[in-house]
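Residue-level structural notes
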Number of protein chains: 2
Amino acid sequence: MSGAFHFERVAIVGLGLIGGSLGHAVKRAGLARHIAGHARSEATRKRALEIGFVDSVHESAAEAAKDADLVVVCTPVGALGPVAAEIEPHLKKGAILTDVGSVKLAVIRDMGPHVPEGVHFIPGHPIAGTEESGPDAGFAELFEGRWCILTPVPGTDQAAVDKLNAFWTACGSKVDVMEPKHHDLVLAIVSHLPHIIAYNIVGTASDLETVTQSEVIKYSASGFRDFTRLAASDPTMWRDICLNNKEPILEMLGRFSEDLTALQRAIRWGDGDKLFDLFTRTRAIRRSIVDAGQDIAAPNFGRNPTHAQPGGKQDQ
Amino acid sequence: MSGAFHFERVAIVGLGLIGGSLGHAVKRAGLARHIAGHARSEATRKRALEIGFVDSVHESAAEAAKDADLVVVCTPVGALGPVAAEIEPHLKKGAILTDVGSVKLAVIRDMGPHVPEGVHFIPGHPIAGTEESGPDAGFAELFEGRWCILTPVPGTDQAAVDKLNAFWTACGSKVDVMEPKHHDLVLAIVSHLPHIIAYNIVGTASDLETVTQSEVIKYSASGFRDFTRLAASDPTMWRDICLNNKEPILEMLGRFSEDLTALQRAIRWGDGDKLFDLFTRTRAIRRSIVDAGQDIAAPNFGRNPTHAQPGGKQDQ
């Protein structure tokens, strides 16, 4: 019977969007005989048990992690060090310890010192999410077709990496292995910069004296609303990411600002050719993202109501 | 019979996303006895007739506009002046002349001098669109629930404004009337700045030496893909908007950059409280946009595959 399970006991520490989705996915695929969960808030623990994506909840991370064959810490990045310190004495020999944080060098810095001999610490990052948070936000399909990046440190047991790889694959992910430093650089541009820019533009719009908040909301379908989704993401999570991936983020912000200054200058001086060149160059990348299965093809992200999707190419 | 029609003859000049959608909407609501269309490209004219959102196509804007009771010019903003000059001698007395451009002061500057005595010139802007373009991109529902802003100049015949208002309402829009100068300021923040920022970030990501284009595409679901939709919009349209709404756009870019510099400083100095405050403040605005019916409530813009939407609030 136990051959049907990847793990006898999986512990999920942090029962929000990612922890909850992972519980659902593990249940759906039958990857664990028992899922033990922990969240700091009693309400969250109660709700997780009600929804049923964990089999038991525990008041401390240590109790949840005890005897687990796989421990997945799904808290904001800033809490990973303290959680690792807490569970350290309780980890089972041979267990795999992983996380889901959007930065990896800082996670290795913070969790690494608390990994006991014989425990396989493999930092991970499923690149999936929504702007929602909390135990009700999770769903089993979140990881389907999305990438999960593992960043094992040198000397990690390959069998353990393979096992974690198989686990995420069974949850629906496609798995890549990468250097932690490179991960942090890639994520700075594909995820951290977009979120920071989105937060910033929503802040700028909120602060205007000449345009009211209600006008911004009414007319948001003209572009602004696309940014508000990212700017509605969990504030604690994003504070921790900004604080823990400082150098790559500052590097990307520097490049972005330089490019924006050049673009601003082209607007001021009426350099239509320069504007046209940039605006043409960026069009192709969306097609590639849709072709790669990383976004849907329907216009407006498919949110138009009764719109039967047009078939052909454009030739205006 | 003719009481059933708002207009005997409507001319649509420019048969792309907006012109096409307007044709579909007018047909669906039965707002014209005849729709005459013009596009510069012969292929587009042929395709528009095939699809059937116009009743006739014409090689020149002048022929299309001749005898029309309503002329809607749906070209990029930079072409509005030349089109107005061309059709000027052919406009029927009592006709309404309008446009759909995303800037209004420049349109008044460019089209205004070409409006004959007895023709009612009422600049307009339906705030609706997708990232697609061309005659195949249009659909009748595009304007449903979206705002259309009219910016009549002082002295405009009120009956004509009411008629155009009723026309857009019948196409599914909600109509607002606004000063052209205020329109341009509002659109600079809700539409022009978001598009410029999106184009810029996609450009920055494309130019990196340390992160490959294929990595940007693979991992784009972590945030970046949201920007690529706006950055896939029509380059000519956006070049013309940037060239014709310079001052408000430069003003908004200035504010955005100031705010971003402050945010960058908070990241560099590890000011977690400042980051948390901004990231919390911006969350509410998305809820307001959803409540106002200007975006859908489903997470990830509803693009998750089989995801039954969770019901309740979060309490993580």
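Structural data are supplied above this passage.
The following paragraphs examine the structure supplied in this document. Computed from a predicted structure; not experimentally measured.

What follows deals with the interface of chain A and chain B. Counting from both sides, the interface comprises 111 residues of chain A and, opposite them, 110 residues of chain B. Of all the secondary structure elements, the ones that give two or more residues to the side of chain A that touches chain B are helix 2 (42-51), helix 7 (180-206), helix 8 (213-218), helix 9 (224-230), helix 10 (235-244), helix 11 (246-268), helix 12 (272-281) and helix 13 (283-291) of chain A. Tallying contributions element by element places helix 7 of chain A first for the side of chain A that touches chain B, with 19 residues.

Once chain A has been moved 0.0 Å along the axis and rotated by 180 degrees, it coincides with chain B to within an RMSD of 0.0 Å. Overall, the copies show the geometry of a two-fold rotation axis.

All names here are of chain B. Taken together, 6 strands build an open sheet; the order of strands is 3-2-1-4-5-6 and the sheet is parallel. For this open sheet the edge positions go to strand 3 (56-58) and strand 6 (120-121), each flanked by a neighbour on one side alone. The strands touched by helix 6 (residues 158-170) within the sheet are strand 4 (70-73), strand 5 (96-99) and strand 6, with strand 5 carrying the most contacts at an inclination of about 55 degrees.

Here the focus is the packing of helix 7 of chain A against helix 11 of chain A. Residue and element names in this part refer to chain A. Put simply, helix 7 and helix 11 touch, their axes get as near as 9 Å, and they point 55 degrees apart. When the axes of helix 7 and helix 11 are compared, the pair comes out oblique. Helix 7 and helix 11 meet at a crossing whose hand is right-handed. Between helix 7 and helix 11, the residues in contact are Asp184, Leu185, Ala188, Ile189, His192 and Leu193 and Pro248, Ile249, Met252, Leu253 and Phe256, respectively. When the residues that make up the contact of helix 7 with helix 11 are grouped by side-chain class, the tally is 9 nonpolar, 1 polar and 1 charged.

Before going further, it helps to spend a moment on unusual backbone geometry. In this structure, A:Asp67 takes a positive phi of about 65 degrees despite not being glycine. A residue is classified by how many C-beta atoms lie within 10 Å of it, and A:Asp67, with 15 of them, is partly exposed. In this structure, B:Phe301 takes a positive phi of about 55 degrees despite not being glycine. On the basis of neighbour count, B:Phe301 is assigned to the buried category, with 22 C-beta atoms found within 10 Å.

The α-helix winds at 3.6 residues per turn, so residues separated by three or four positions along the chain end up facing the same way. The complete set of buried residues in helix 13 of chain A reads A:Ile285, A:Arg286 and A:Ile289. Within helix 13 of chain A, the buried residues cover an arc of 100 degrees as seen down the axis, which keeps them to one side. Contact partners of the buried residues in helix 13 of chain A: helix 7 (180-206), helix 8 (213-218) and helix 9 (224-230) of chain B. Of the residues flanking the end of helix 13 of chain A, it is A:Gly293, one or two places downstream, whose phi is positive at about 75 degrees.

Residues and elements named next belong to chain B. The element strand 2 (residues 32-38) is extensively covered by neighbouring structure, given that 5 of its 7 residues are classed as buried. When strand 1 (residues 7-13) meets strand 2, the two strands line up parallel, connected through 6 bridges. Directly across from Val13, in strand 2, lies its bridge partner His38. In the classification by handedness, the crossover that spans strand 1, the intervening helix 1 (residues 17-29) and the parallel strand 2 is right-handed. Sheet topology places strand 2 next to strand 3; 3 bridges connect them, and they run parallel. Counterpart to His38 in the pairing with strand 3 is His58. Crossover connection from strand 2 via helix 2 (residues 42-51) to parallel strand 3: handedness right-handed.

Rules used throughout
- Residues numbered from 1 in each chain as written.
- Chains lettered and ligands numbered in written order.
- Predicted model: local features only at pLDDT ≥ 70, side-chain atom pairs only at ≥ 80, totals over all residues.
- Contact = placed C-beta atoms within 7 Å.
- Helix = DSSP H or I, 4+ residues; strand = E, 2+ residues; numbered from the N terminus.
- Least-squares fit on C-alpha atoms with pLDDT ≥ 70 in both.
- Pairing = 2+ DSSP bridges.
- Axes fitted to C-alpha atoms, helices over the stretch in contact; angles between N-to-C directions.
- Parallel < 35°, antiparallel > 145°, perpendicular 65-115°, else oblique.
- Left-handed = near helix turned anticlockwise from the far one by under 90°.
- Nonpolar A, V, L, I, M, F, W, Y, C, P; charged D, E, K, R; others polar.
- Buried ≥ 20, exposed ≤ 12 C-beta atoms within 10 Å, placed from the backbone.
- Arc of directions from axis to C-beta.
- Right-handed = clockwise from strand over helix to strand, strands pointing away.

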